[in-house]
Amino acid sequence: MDISRKERPVGVLSLPDIAADWQKKLIGEARRKAIHLSGLSVPLSLLLLGRSFTIGFVALALAISLILEWQRLKGKIRLPEVRAQEEHKVASFVYYITGCLLCVVFLPKMIAVNAVLFLSLGDTISGLVGSILANADVRGRRKMWGCKSLPIMAVMFSSCLLIGYLASGITQLSFPVYLAGAAAATIADGVAVIINGNSLDDNFSIPVFSGLVMTGAAALF
């Protein structure tokens, strides 16, 4: 005989309940990552319009985001895709744009292109997979050096490695360089770094850390 929802022990979910929960998480993450993909405009701008234009474009985006975030934190506006844990702190999109701007300003052009692709595409894929797997929100737990589960980190690494390979026809980066960048992006995405009780946002650390590592690797290979 089937066990009804009322008779089911507390904390025990049926398969339909689990499927519905996964679907809800996946849809929510997909909506956030759709915005995440707007970061593809940065490497496209670098390739088509050059560094100077891209710096101005991303700096303007950062200025607008800071104004919006200031208004949000004061309670004057609401941004629906901000995560619950970011309600009373600076949201991830500010770190995202800041990381992109630093890459565009300070890194070699093609390395900046690759680093932002790791963020906009690699982190999108990792986030979608992580939305339905356990042990994905390592930063929310505030545990220093907490790591995402191995499947999520494997997805991030393989995605970034594929991105580096596909982009290499344009970036002309060698395999050791984008391999090192993929590993760095995976570490930045999957390992929580806590500073003064606050976690380092991976939207900032993924492009910056992978970009710095690729710059170092390019000097060696």
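Above this text you will find the structure in question.
All of these numbers come straight from a predicted model, not from anything done at the bench.

**Student:** Before we go on, may I ask you to explain the nonpolar core in this structure?
**Tutor:** Generally speaking, nonpolar side chains in soluble globular proteins are found buried as a group. The biggest cluster of nonpolar side chains holds 32 residues, and the ones touching the most others in it are C100, F118, I206 and M214. When residues of this core are traced back to their parent elements, those giving at least two are helix 2 (41–49), helix 3 (51–73), helix 4 (92–106), helix 5 (109–130), helix 6 (150–171), helix 7 (175–190) and helix 8 (202–220). The leading source of residues in this core is helix 5, at eight residues. Ignoring anything within four residues of it in the chain, the contact list for I206 reads F118, L119, D123, M156, A185, A188 and D189.

**Student:** Honestly, unusual backbone geometry in this entry has me stumped. Any pointers?
**Tutor:** Keep in mind that most residues, glycine aside, have a negative phi and that most peptide bonds are trans. Positive phi, close to 60°, is recorded for Q172, a residue that is not glycine. Locating Q172 in the fold gives a position in the loop between helix 6 and helix 7. When its relative accessible area of 61% is taken as the criterion, Q172 is described as exposed.

**Student:** What is the right way to read a nonpolar patch on the surface from this model?
**Tutor:** A surface patch of nonpolar side chains, about 700 Å² in accessible area, is lined by L44, L47, L48, L49, F53, F57 and I170. Of all the elements, helix 2 adds the most residues to the nonpolar patch, at four residues. Overall, the relative accessible area of 68% leaves L48 in the exposed class.

Thresholds applied
- Residues numbered from 1 in each chain as written.
- Predicted model: local features only at pLDDT ≥ 70, side-chain atom pairs only at ≥ 80, totals over all residues.
- Heavy atoms only, no water.
- Core = buried A, V, L, I, M, F, W, Y, C linked by side-chain atoms within 4.5 Å.
- Buried < 20%, exposed > 50% of the residue type's maximum accessible area, 1.4 Å probe, protein only.
- Helix = DSSP H or I, 4+ residues; strand = E, 2+ residues; numbered from the N terminus.
- Contact = heavy atoms within 4.5 Å.
- Patch = residues over 30% accessible without salt bridge, like charges linked within 9 Å, V, L, I, M, F, W, Y side chains within 5 Å.
- Areas by Shrake-Rupley, 256 points an atom, 1.4 Å probe, with all protein chains shown as cover.
- Salt bridge = Lys/Arg side-chain N within 4 Å of Asp/Glu carboxyl O.

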